[in-house]
Amino acid sequence: MAVIHEATLTPGKLDAISAWLPGQPWSGVGTRTAVEQVGRFRFDDPDGEVGVETYLVRAGDGPVLHVPLTYRGAPLAGADPFLVTEMEHSVLGHRWVYDAVGDPVYADVLRRAIATGGHEADLQRASGDGTVEKEGRASGSGADAESPTVTEVTVHTEGTTTTITTGHGAVAVLRVLGGPIPAGATLTAGWGVDRSAVVAVLLA
């Protein structure tokens, strides 16, 4: 269960993504180009310390882009190249927002979701006043009983695919949806009424 706060964010998440994407060679997004959200979903950090959220966004009539983020209350050592922005959260205070591919917590929860056939987290209001409606979904295709814990990652991007290498195999994160899909167990994201695409693959 992911806990959702009613909060003001500065900058807003989509503003931060719009500012960051033009610097990513795979995005095809130009400077001063606003993106729109088509879907998003969260995963749970087992330790409850790191926010893990995936945005699916589009600039104009371009392809859907896969932008996973992690939110931390302190800087992640060695992850400066993956910093998207620093953000003020009206409830949680200062937050460091990372391109999640460089965060071992993301690699751990992503690998587990794929390998075990997991899915996105349910959303609970921090006030305890019920649940929050989801704006996207995700499901893994694997059937393993468990997944080993990932604690370290190395990251390499080629074209529109970022490969996260862990001590327990590698995961391909597809940044631009709708292209070729490598062999392996998959994470499929869904948005809208009936839209879906593979967003990550646990490489065979």
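See the structure printed just above.
Cut-offs and rules
- Residues numbered from 1 in each chain as written.
- Predicted model: local features only at pLDDT ≥ 70, side-chain atom pairs only at ≥ 80, totals over all residues.
- Heavy atoms only, no water.
- Helix = DSSP H or I, 4+ residues; strand = E, 2+ residues; numbered from the N terminus.
- Rg over C-alpha atoms; globule rule 2.2 N^0.38 Å.
- Buried < 20%, exposed > 50% of the residue type's maximum accessible area, 1.4 Å probe, protein only.
- Contact = heavy atoms within 4.5 Å.
- Lys, Arg positive; Asp, Glu negative; His and termini not counted.
- Charge placed at Lys NZ, Arg CZ, Asp CG, Glu CD.
- Pairing = 2+ DSSP bridges.
- Axes fitted to C-alpha atoms, helices over the stretch in contact; angles between N-to-C directions.

A. Local environment of the overall build of the chain. Scanning the chain for helices and strands turns up two helices and 14 strands. Computed over C-alpha atoms, the radius of gyration of the chain comes to 16 Å, within 12% of the 17 Å expected from 2.2 N^0.38 for 204 residues, which places it in the range of a compact globule. Seen through its principal axes, the chain has C-alpha atoms that stretch 45 × 40 × 40 Å. Counting every position in the chain, which comprises 204 residues, the buried fraction comes to 47%. Of the contacts made within the chain by residues no fewer than 6 positions apart, 56% connect residues no fewer than 24 positions apart. For the chain, the distance from the average site of its 14 positive side-chain charges to the average site of its 25 negative ones is 4 Å.

B. Structural context of the sheet that holds strand β7 (residues 93–99). Across the sheet, which stays open at both edges, the six strands sit in the order β2-β6-β7-β5-β4-β3 with antiparallel pairing between neighbours. Bordering the open sheet on either side are β2 (9–10) and β3 (36–43), each of which pairs with just one other strand. Sheet analysis places strand β6 (residues 83–89) next to β7, joined by six bridges and oriented antiparallel. Residue Glu88 lies in a different strand from β7, and its bridge partner there is His94. Against the sheet, helix α1 (residues 13–20) touches β2, β3, β4 (51–58), β5 (65–72), β6 and β7, its axis set at about 65° to β4.

It is worth stressing that arrangement in space is one thing and function is another; only the former is reported here.
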